Amino acid sequence: MTLGRNDEGVDLHDVNSLSGDEQTLAGISRHGRTRTAKAKELLVELWHDRAGFIGVCFLSMLVITAVFAPLVAPHNPRQQDLVNRLQPPVWSDGGDWSFPLGTDGLGRDVLSRLIFGSRVSIFVGLAVLAIAGLVGVILGVLAGYRGGFTDRFIMRLVDTQVAFPGLLIAILLAAMIGPSVRTVVIVLSINGWMIYARMARGVVLSVKETDYVEAAEIIGCKPNRVMWRHIFPNLAAPLTTLAVLEFARIVLAEAALSFLGVGVKRTDLSWGLDVASGQEQIFNSWWLVVMPGVLISLTVLSVSLVASWLRVVADPQEREKKYGATQIRRHIKDNG
Amino acid sequence: MWTFVIRRVGQGLIVVVAAAVVVFLLTRAFTDPVDFVLPLEATEEQREAREAELGFDRPIIVQFGDYVEDLSRGDFGESLWQPGRSTIDIVGQTLPKTLQLVAAGMTLAIALALPMGMIAARRPGGVLDRILVTTSLIGLSMPQFFVGLLLLIVFAVQLQWLPVSGYGGFSHLILPALALALPAVGRLTMVVRSAMIDELNSQYVRVSKAKGTPTRVIFTKHAFRNAGVQVLTLSGWEITRALAGFTVVVEKVFAWPGFGLFALEAIQRRDIFLLSTIVLVAAILVVTVNVIIDILYKVIDPRIELT
């Protein structure tokens, strides 16, 4: 994806003229060697990228409420309260603060269901990232480093699977093994590893020819050591950005599968399920569909904002363009 | 050229065969199909009798041979949900409706995304660009079903301009097509925009600007033709994604009787034969679209090397 590659084009000009002074730049990068200083620098950069900052804030809030769900949620998400069924949210007529986002057809508190539902989304997202990422990266590094038959075999596998109708195979698979959180993780991992393999292979191919890898080979490092000690660290930056983007895709996919009834179990708490059950009451209770829908959208949006910030931070050249100017200005101010 | 076409079609066939193998293994080997055919309380004798009747007691390789032979004759098996009807017959009835939806949705998406992306690319960082980028970003963050339900709440429930669901005339098509199109519009706009910005910053565009070529000509004749390859890739990808899953979601929201809705129905009725036929037909469609797009590349951009 090359989205936003030219976003910084506007103030590119004055950064370039500033960074022409090699001495100043070298002076700055010699600062901040220590870990805390680096972390602080990163936070400052995050603060300057407003969109990324908002994204990080929203996601942290989401994770915190998910972890402490039993403490944060005002009600038990499964507790039915038929007297108070179909209460509207607090800001519309007839709503009150005991159910801030209203209640569903069985009188269950929408807000509490959303808070607990975030657990499934986050868990599925992380689990799929771990499994699909691990498998994809290992196969991609193997393909790129070994080359020859291994490469052809793995990449043909990737090409074939990419050409598959992904969601339909997922539905078939989920229908076969029955709905559950585990099913969703398996199905989405099977569907998602290829992109990591392609990315890892591409990076390995470009790094393989560099001097330091050749040097490692010449002094007799075993292939495994070369692969994981010398080549693998190069994957860190692209992998982080890709993983964050994939997280957004997984959250959407989990919601879609659950909405279709082939994701998590009917009794689980999931945003997709809440939308599906809310659809039955769409004529009089819009909030049952809109609340979880908005939450999913906000989550995905925050993740994309964080990803686009990460893409800039992870790429030294982009980073220089975007933050070089502020750093230099600060440097000049501090040192007169 | 022709060797390229033949090779691409060959690769496509491999994918279709692989899909058939996967579907076969999923439905016959990893699960016991008799579970789906008989009620849970069936006795062991009943199970065995039915297994023998359907031929599931034979070795898996023999079963697979039969399966491939049946497929090659165009026999996709009989539906369990509607006994006596062949599954391909049901797919044949629902597929045109899905294709109608995908065609309408994707035409709409491309028709909206091209001008939006080009307008945004005219002045990167400008007000119009920011508005378009923000709306695209919001659009592509929304789950497909939520877009559909929002449209439904606003235009069918509140304003009551359009029918809520079902299959009918043109008015029934508008909302599902929009729901299918809008997230794709977000993704496509971003790609058109970044591809156009790249092209507009290139040397040859500067030269022709310096020569005094009108902006309109630079946009449509120079930059857009070169950006076209990327746009085509993404459009093809959108079409395959729509065919391979997004329609299922949209069809569920609007109760549009395409093959996606029938796939869900097949799951409910535990009709694995219908489900596997639908998946197989979708695989063939997706592969066909991919092959066509690859060949179109060559037509649009002769510089692309044939491999």
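Residues numbered from 1 in each chain as written. Chains lettered and ligands numbered in written order. Predicted model: local features only at pLDDT ≥ 70, side-chain atom pairs only at ≥ 80, totals over all residues. Heavy atoms only, no water.

Draft legend 1. The arrangement of the overall build of chain A in detail. Counting its regular elements, chain A contains 15 helices and zero strands. Burial analysis of chain A (336 residues in total) assigns 49% to the buried set. Of all intrachain contacts in chain A linking residues separated by at least 6 positions in sequence, the fraction that spans at least 24 positions is 72%. Counting only carbon and sulfur atoms, one obtains 63% of the accessible surface of chain A, whose full area is about 16,700 Å². (Helix = DSSP H or I, 4+ residues; strand = E, 2+ residues; numbered from the N terminus. Buried < 20%, exposed > 50% of the residue type's maximum accessible area, 1.4 Å probe, protein only. Contact = heavy atoms within 4.5 Å. Areas by Shrake-Rupley, 256 points an atom, 1.4 Å probe, with all protein chains shown as cover.)

Draft legend 2. Inspection of the packing of helix H1 (residues 2-29) of chain B against helix H12 (residues 272-300) of chain B at higher detail. Residues and elements named next belong to chain B. Contact geometry of H1 with H12 gives a least axis separation of 9 Å together with a crossing angle of 160°. One element, H1, and the other, H12, form an angle in the roughly antiparallel class. Where H1 crosses over H12, the two elements pack in a sense that is right-handed. Counted together, Phe4, Val5, Arg8, Val9, Gly12, Val15, Val16, Ala19, Ala20, Val23, Thr27 and Arg28 of H1 and Ile272, Phe273, Ser276, Val279, Leu280, Ala283, Ile284, Val287, Asn290, Val291, Asp294 and Ile295 of H12 form the full contact between these two elements. (Axes fitted to C-alpha atoms, helices over the stretch in contact; angles between N-to-C directions. Parallel < 35°, antiparallel > 145°, perpendicular 65-115°, else oblique. Left-handed = near helix turned anticlockwise from the far one by under 90°.)

Draft legend 3. Expanded view of the interface of chain B and chain A. Contacts between the two partners involve 51 residues from chain B and, on the opposite side, 42 residues from chain A. On the chain B side of the interface with chain A, the three residues burying the most area are Leu26, Phe145 and Phe146 of chain B, jointly 14% of the side's total. Applying the counting criterion to the chain B and chain A interface returns two residue pairs in polar contact (both at pLDDT 80 or more). Contributions of two or more residues to the side of chain B that touches chain A are made by H1, helix H6 (127-141), helix H7 (144-158), helix H8 (170-200), helix H10 (215-254), helix H11 (259-268) and H12 of chain B. In terms of residues, the side of chain B that touches chain A owes the most to one element, H10 of chain B, which gives nine residues. Of the residues contributing to the side of chain B that touches chain A, the split by class is 38 nonpolar, 10 polar and three charged. (Buried area = accessible area lost by both parts, 1.4 Å probe. Polar contact = N/O pair within 3.5 Å; in protein donor to acceptor, adjacent residues only side chain to side chain. Nonpolar A, V, L, I, M, F, W, Y, C, P; charged D, E, K, R; others polar.)

Draft legend 4. A look at a nonpolar patch on the surface. Residue and element names in this part refer to chain A. Nonpolar side chains collect at one region of the surface, where Val63, Ile64, Val67, Phe68, Leu71 and Val72 lie side by side and expose about 560 Å² of accessible area between them. Elements represented by at least two residues in the nonpolar patch include exactly helix H4 (50-67) and helix H5 (69-72). At three residues, H4 tops the list of elements feeding residues into the nonpolar patch. Checked against the element boundaries, Val67 lands in helix H4. (Patch = residues over 30% accessible without salt bridge, like charges linked within 9 Å, V, L, I, M, F, W, Y side chains within 5 Å. Salt bridge = Lys/Arg side-chain N within 4 Å of Asp/Glu carboxyl O.)

Draft legend 5. Helix H7 (residues 148-162) of chain A, seen in detail. Compared with the 21 Å implied by 1.5 Å per residue over 15 residues, the 21 Å span of H7 of chain A between its first and last C-alpha is a close match. Residues of H7 of chain A that are buried sit in contact with helix H6 (110-146) and helix H9 (181-208) of chain A together with H1 of chain B. (Expected span 1.5 Å × (residues − 1).)

Draft legend 6. Molecular detail of the domain arrangement of chain B. On domain assignment, one finds that chain B holds domain 1 (2-72) and domain 2 (88-269). A C-alpha centroid distance of 36 Å is found between domain 1 of chain B and domain 2 of chain B. (Domains from an automatic or database assignment.)

Draft legend 7. Representation of the confidence of the model for chain A in the model. Per-residue confidence for chain A gives a mean pLDDT of 79; residues scoring 70 or more make up 84%. Contacts of residues 1-32 of chain A to residues separated by more than four positions or lying in other chains number 33 contacts, the stretch itself having pLDDT below 50. (pLDDT = per-residue confidence, 0-100.)

Draft legend 8. Up close: the environment of Ala314 of chain A. Residue and element names in this part refer to chain A. Along the polypeptide, Ala314 turns up in helix H14 (residues 287-314). Residue class for Ala314 comes out partly exposed when judged on its relative accessible area of 30%. Residues Ala314 and Val275, spaced 39 residues apart in sequence, show a C-alpha to C-alpha distance of 36 Å. The contacts of Ala314, once residues within four sequence positions are left out, are Ala237 and Thr241.

Draft legend 9. The pattern of salt bridges, seen in detail. All names here are of chain B. For the coordinates displayed, the defined rule picks out seven salt bridges over all chains. Across the pair Asp294 and Arg8 runs a salt bridge, and its minimum N-O distance is 2.4 Å. In this pair, Asp294 is assigned in helix H12 and Arg8 in helix H1, connecting sequence segments 286 residues apart. A residue is classified by how much of its surface remains accessible, and Arg8, at 13% relative accessible area, is buried. One salt bridge connects Arg193 with Asp129, and the closest N-O pair in it is separated by 2.7 Å. Linking Arg193 in helix H8 with Asp129 in helix H6, this pair joins segments that are 64 residues apart in sequence. Note on accessibility: Arg193 and Asp129 belong to one class, buried.

Draft legend 10. Here's a closer look at the side chain of Ser118 of chain A. Tracing the chain through its elements places Ser118 of chain A in helix H6. Excluding residues within four positions of it along the chain, Ser118 of chain A makes contact with Leu62, Ala66 and Trp271 of chain A.

Draft legend 11. Region of interest: a negative patch on the surface. Residues and elements named next belong to chain A. A contiguous patch of negative charge on the surface is contributed by Glu209, Asp211, Glu214 and Glu217. Along the chain, Asp211 turns up in helix H10 (residues 211-218). With a relative accessible area of 64%, Asp211 lands in the exposed category. (Lys, Arg positive; Asp, Glu negative; His and termini not counted. Charge placed at Lys NZ, Arg CZ, Asp CG, Glu CD.)

Draft legend 12. Summary view of the packing of aromatic side chains. All names here are of chain A. Counting across every chain of the model gives six aromatic pairs over all chains. Aromatic pair Trp228 and Phe232: ring centres 5.5 Å apart, planes at 65°, arrangement edge-to-face. Using a relative accessible area of 31% as the deciding quantity, one classes Trp228 as partly exposed. Arranged with centres 5.9 Å apart and planes meeting at 90°, the rings of Trp286 and Trp287 form a pair that is edge-to-face. On the accessibility criterion, Trp287 (5% relative accessible area) is buried. (Phe/Tyr/Trp six-rings, centres within 6.5 Å; stacked < 30°, edge-to-face > 60°.)

Draft legend 13. The packing of helix H5 (residues 87-122) of chain B against H12 of chain B, seen in detail. All names here are of chain B. H12 packs onto H5 with a crossing angle of 50° between their chain directions and a minimal axis gap of 10 Å. Viewed along their axes, H5 and H12 adopt a mutual orientation that is oblique. Remark: the crossing between H5 and H12 carries right-handed chirality. Here H5 contributes Thr87, Ile88, Ile90, Val91, Leu95 and Leu99 to the contact with H12, which in turn contributes Phe273, Leu274, Thr277, Ile278, Val281 and Leu285. A per-class count over the contact of H5 with H12 returns 10 nonpolar, two polar and no charged.

Draft legend 14. Here's a closer look at unusual backbone geometry. Residue and element names in this part refer to chain B. Positive phi is not limited to glycine here, since Ala255 has a value of about 50°. Examined against the element boundaries, Ala255 turns out to sit in the loop between H10 and H11. Accessibility expressed as a relative area gives 35% for Ala255, which makes it partly exposed.

Draft legend 15. Broad picture of the nonpolar core. Among the nonpolar cores identified, the biggest contains 163 residues, and Val124, Ile171 and Phe259 of chain A together with Phe145 of chain B are the most heavily contacted of them. Considering every element that reaches this core, the biggest residue donor is H12 of chain B, with 17 residues. There are two domains that each give this core at least three residues, and those are domain 1 (2-72) and domain 2 (88-269) of chain B. By size, the runner-up hydrophobic cluster in this structure holds 13 residues, among which are Met118, Ala121, Leu200 and Ala223 of chain B. (Core = buried A, V, L, I, M, F, W, Y, C linked by side-chain atoms within 4.5 Å.)

Draft legend 16. Focus on the side chain of Asp129 of chain B. Judged by its relative accessible area of 3%, Asp129 of chain B is buried. Each residue touching Asp129 of chain B, except ones within four places of it in the same chain, is listed here: Ala120, Arg123, Pro124 and Arg193 of chain B.

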